[in-house]
Amino acid sequence: LTVSETSSEPPQDEGSSLNSPRNLALEATFVNHNFSQQVLKMGEDRYKFPEDNPFHDPDEEGEVCSVGYRYRKWSLGNNLVLVCRCEVDAIQQGTNNDPQFLNIKALNEWDSRHSGGIDWRQKLDQQKGAVLANELKSNNCKLGKWTVQAILAGVDYIKFGYVTRYNVKDSGRHVILGMQQFKPTDFAQQINLNMDNAWGIVRCILDIVMQKKDGKYLIVKDPNKALLRLYDIPDNTFDSEDSEDSSDEDGDLDAPLRA
């Protein structure tokens, strides 16, 4: 996960610094992963989807993270069908005991002196709107992505947790300061996210890719500009050793087309 990617002054520290972009990204990923599990009720009956978790291996010891998947399909016209695997982080009971699907995400404060100047411990209770506005300014891309994911998954609410470091110089311990929830469509309007425009971008990208020869492509988004770059890359890019071994064993089989 990125941190302060769209800030006017993104993190500039390098190397092994606590606040280098790489270490901040690792911290944010760690916080989000653990937060989404920590806020769940344990020891109670879980909501079960009709199909089992596709990533659960009965032969492996231990439990996989508690998360549900919904496979959804959209027709984009001209015989183009988009299938997307969407995540659901939790279920809560509604007013009529109807299940409400949730996405749970964590916004993490790393150092208020370098991330907008708003101290969450002092401002969150009285000025939650100001805290969120600052996050929207510094992490617009990340919040937009989370909102789109929630809309695609069809969840009822997206919940944001506000997590800060226990000590500003220690990225290994954190404190949960509060939570806030929104309906995804309402939050999309609040951050000026237009889903019609988003679907238009997807369709435009697909039209461009479908004109290319079969292969592997990489899409890179500029964090501060309305600019996408499409790169034609070798088929073995990003392959691990395990996948290379399996591809050697299956050399007589036709390779699937990728675009």
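Now for a quick tour of the structure. Numbering of residues begins from 1 in every chain and follows the order in which that chain's sequence is written. With the structure being a predicted model, the display of local features is reserved for residues of pLDDT at least 70 and the display and counting of side-chain atom pairs for 80 or more, all residues being used for whole-chain, interface and lining totals. To obtain the side-chain values, all non-hydrogen atoms of the structure were included, while hydrogens and water were left out.

1. Regarding the overall build of the protein chain
Only DSSP runs of H or I with at least four residues qualify as helices, and only runs of E with at least two residues qualify as strands; both kinds are numbered from the N terminus onward. If you tally the helices and strands in the protein chain, you get seven helices and eight strands. Each principal axis of the C-alpha distribution contributes one length, and for the protein chain these read about 65 × 45 × 40 Å. Remark: exposure states derive from per-residue accessible area (1.4 Å probe, protein chains only) relative to the maximum for the residue type, with buried under 20%, exposed over 50%, and partly exposed in between. Burial analysis of the protein chain (259 residues in total) assigns 32% to the buried set. Within the structure as shown, the protein chain displays about 17200 Å² of accessible surface, and the carbon and sulfur contribution to it stands at 47%. His residues and chain termini do not enter the charge count, which takes Lys and Arg as positive and Asp and Glu as negative. Note that the charge is assigned to NZ on lysines, CZ on arginines, CG on aspartates and CD on glutamates. Once the 29 positive and 41 negative side-chain charges of the protein chain are each reduced to a mean point, those two points are 10 Å apart. The Shrake-Rupley method, run with a 1.4 Å probe, gives the accessible areas here. Residue values count only the displayed protein chains as cover.

2. Regarding a nonpolar patch on the surface
A cluster of nonpolar side chains, namely Ile201, Ile208, Ile219, Leu228 and Leu230, defines an oily patch on the protein surface of about 390 Å² accessible area. Only helix H6 (195-210) and strand E8 (228-233) provide two or more residues apiece to the nonpolar patch. Following the sequence through the fold, Ile219 ends up in strand E7 (residues 216-221). Residue classification places Ile219 among the partly exposed positions, given a relative accessible area of 43%. Exposure above 30% relative accessible area and the lack of any salt bridge qualify a residue for a patch; like charges then connect within 9 Å, and the nonpolar side chains Val, Leu, Ile, Met, Phe, Trp and Tyr within 5 Å. Salt bridge criterion: a side-chain nitrogen from Lys or Arg within 4 Å of a carboxyl oxygen from Asp or Glu.

3. Side note on the nonpolar core
Formed by 24 residues in total, the largest nonpolar core has its most connected members in Leu107, Leu132, Leu143, Phe160, Tyr162 and Phe187. Those elements that provide at least two residues to this core are strand E2 (80-88), strand E4 (99-109), helix H3 (128-138), helix H4 (140-153), strand E5 (157-167) and H6. Here the element with the most residues in this core is H4; it accounts for five residues. Whether two residues are in contact is decided by their heavy atoms: any pair within 4.5 Å suffices. Each residue touching Phe160, except ones within four places of it in the same chain, is listed here: Lys105, Leu107, Leu143, Trp146, Gly178, Met179, Gln180, Phe182 and Phe187. Only buried residues count toward a nonpolar core. Its members are Ala, Val, Leu, Ile, Met, Phe, Trp, Tyr and Cys residues joined through side-chain atoms within 4.5 Å. Formed by nine residues, the second largest nonpolar core is a distinct cluster that contains Phe35, Leu40, Leu102 and Tyr157.

4. What to know about the packing of aromatic side chains
Planes of paired rings set the category: under 30 degrees apart is stacked, over 60 is edge-to-face and the rest tilted, where pairs are Phe, Tyr or Trp rings (Trp by its six-membered ring) whose centres lie within 6.5 Å. If you walk through the whole model with that rule in mind, you get seven aromatic pairs. Measuring from ring centre to ring centre gives 5.5 Å for Trp120 and Tyr162, while their planes differ by 80°; the resulting arrangement is edge-to-face. Of this pair, Trp120 sits in helix H2 (residues 120-123) while Tyr162 is found in strand E5, placing the two residues 42 residues apart along the sequence. The same class applies to Trp120 as to Tyr162, namely buried. For the ring pair Phe160 and Phe182, a centre distance of 6.1 Å and an interplane angle of 55° mean the geometry is tilted. Residue Phe160 is found in strand E5, and its partner Phe182 is found in strand E6 (residues 170-182); the two are separated by 22 residues along the sequence.

5. Overview of H6
Along an α-helix, residues three or four apart share an orientation, since each turn contains 3.6 residues. A helix is expected to span 1.5 Å for every residue after the first. Taking 1.5 Å of rise per residue, 16 residues should cover 22 Å, and H6 covers 22 Å from first to last C-alpha, within 8% of that figure. Of the positions making up H6, those classed as buried are Met195, Ala198, Arg203 and Val209. Angularly, the buried residues of H6 cover 135° about the axis, an arc narrow enough to put them on a single face. Where H6 is buried, its residues touch strand E1 (68-77), E2, H4 and E8. Counting of polar contacts relies on pairs of N or O atoms within 3.5 Å, with two restrictions inside protein: one atom must be capable of donating a hydrogen and the other of accepting it, and residues adjacent in sequence are counted only when both atoms are side-chain atoms. One side-chain oxygen at the N-terminal end of H6 lies 2.9 Å from the backbone nitrogen of Asp196; it belongs to Asn194. Arc, as used here, means the arc of the directions from the helix axis to the C-beta atoms.

6. Things to note about the environment of Ala133
Along the chain, Ala133 turns up in helix H3. Of the residues examined, Ala133 reaches a relative accessible area of 44% and is grouped as partly exposed. Each C-alpha atom, one on Ala133 and one on Gly116, is 10 Å from the other, the two residues being 17 residues apart in sequence.

7. Some details on the pattern of salt bridges
With the rule as written, the count across this model stands at five salt bridges. Residue Arg165 pairs with Glu27 through a salt bridge whose shortest N-O separation is 2.7 Å. Remark: Glu27 occurs in helix H1 (residues 21-38) and Arg165 occurs in strand E5; sequence separation between them is 138 residues. Across the pair Arg173 and Asp170 runs a salt bridge, and its minimum N-O distance is 3.3 Å. Taking relative accessible area as the criterion, Asp170 reaches 26% and is therefore assigned partly exposed.

8. Notes on the side chain of Asp111
Mapped onto the elements, Asp111 comes out in the loop between E4 and H2. A polar contact of 2.9 Å, which involves the side chain of Asp111, links it to the side chain of Arg113. Each residue touching Asp111, except ones within four places of it in the same chain, is listed here: Asn19 and Val168.

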